[in-house]
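As a plain string of letters, each chain reads:
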Amino acid sequence: QKEVEQDPGPLSVPEGAIVSLNCTYSNSAFQYFMWYRQYSRKGPELLMYTYSSGNKEDGRFTAQVDKSSKYISLFIRDSQPSDSATYLCAMSEGSNDYKLSFGAGTTVTVRA
Amino acid sequence: GAGVSQSPSNKVTEKGKDVELRCDPISGHTALYWYRQRLGQGLEFLIYFQGNSAPDKSGLPSDRFSAERTGESVSTLTIQRTQQEDSAVYLCASSLGSSIQYFGAGTRLSVL
């Protein structure tokens, strides 16, 4: 069993829809949770960074962490064609833990 | 440019040949990381450099893989006697200490 599980999709939604992405994990020591966006043939870029359980909102993006269920989510509101990318979840045990554990990524296409 | 730079962007080689991949981190970043991204899989940690400390090589998959970094500058990842299973995108990232990792666009390696 992988340490971090993420449905690879692909996911296709119409412009303006809400995109819902999620990851599950098995390591209960994970405390820091990240979402990266990766455009085709580009490196991942950090979108959201959260600590422990709870919600964090940044513009059209909302990240949720439920440590009791070992489940994290990313919601994208009012999706745009420019949001079409692969979204990777990542997590670590400590703030200084440089070894990130990544999900496989979910490929999202937002149709105009 | 101000970002992480990797070269070459693409590399095609024959099985059994050695390859060298280069990473120029963001100026001033003390930490440098190498990851491997196989098709449909998450990023796998390979190696971590922090300043002049001994690198964490725990993610290197075999002794055919090695990496060097001089001080806080350029790093080179070397794969000797390449195998077809080495085909992947090799990503480099850098950060200030162990904070947010900034990724390069990667080197796409194909071993024929």
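Going by the structure above, here's the rest.
Remember, it's a predicted structure, so these values are computed and weren't measured experimentally. (Residues numbered from 1 in each chain as written. Chains lettered and ligands numbered in written order. Predicted model: local features only at pLDDT ≥ 70, side-chain atom pairs only at ≥ 80, totals over all residues. Heavy atoms only, no water.)

In this structure, the largest pocket occupies an estimated 570 Å³ of space. Along its surface, the largest pocket is lined by 24 residues, and Gln38 of chain A together with Gln37, Leu39, Val89 and Arg108 of chain B are the ones closest to its centre. For the lining of the largest pocket, the secondary structure elements donating two or more residues are β9 (85-92) of chain A together with β8 (88-95) and β10 (107-111) of chain B. Split into classes, the residues belonging to the lining of the largest pocket amount to 8 nonpolar, 12 polar and 4 charged. In this structure, the second largest pocket encloses a volume near 360 Å³. Considering each element in turn, the lining of the second largest pocket owes the most residues, 3 residues, to strand β5 (residues 43-50) of chain B. (1 Å grid on protein atoms, 1.4 Å probe; cavity = no way out; pocket = protein on both sides within 12 Å on 5 of 7 lines; lining within 4 Å. Points joined across faces, edges and corners; volume = space filled by probe spheres on them. Helix = DSSP H or I, 4+ residues; strand = E, 2+ residues; numbered from the N terminus. Nonpolar A, V, L, I, M, F, W, Y, C, P; charged D, E, K, R; others polar.)

Take the side chain of Gln37 of chain B next. For Gln37 of chain B, the position within the fold is in strand β4 (residues 31-37). A polar atom in the side chain of Gln37 of chain B sits 3.0 Å from the side chain of Gln38 of chain A. Excluding its chain neighbours within four sequence positions, the residues that come into contact with Gln37 of chain B are Gln38 and Leu88 of chain A together with Gly42, Leu43, Ala88, Val89 and Leu91 of chain B. (Polar contact = N/O pair within 3.5 Å; in protein donor to acceptor, adjacent residues only side chain to side chain. Contact = heavy atoms within 4.5 Å.)

None of this, on its own, says anything about what the molecule does.
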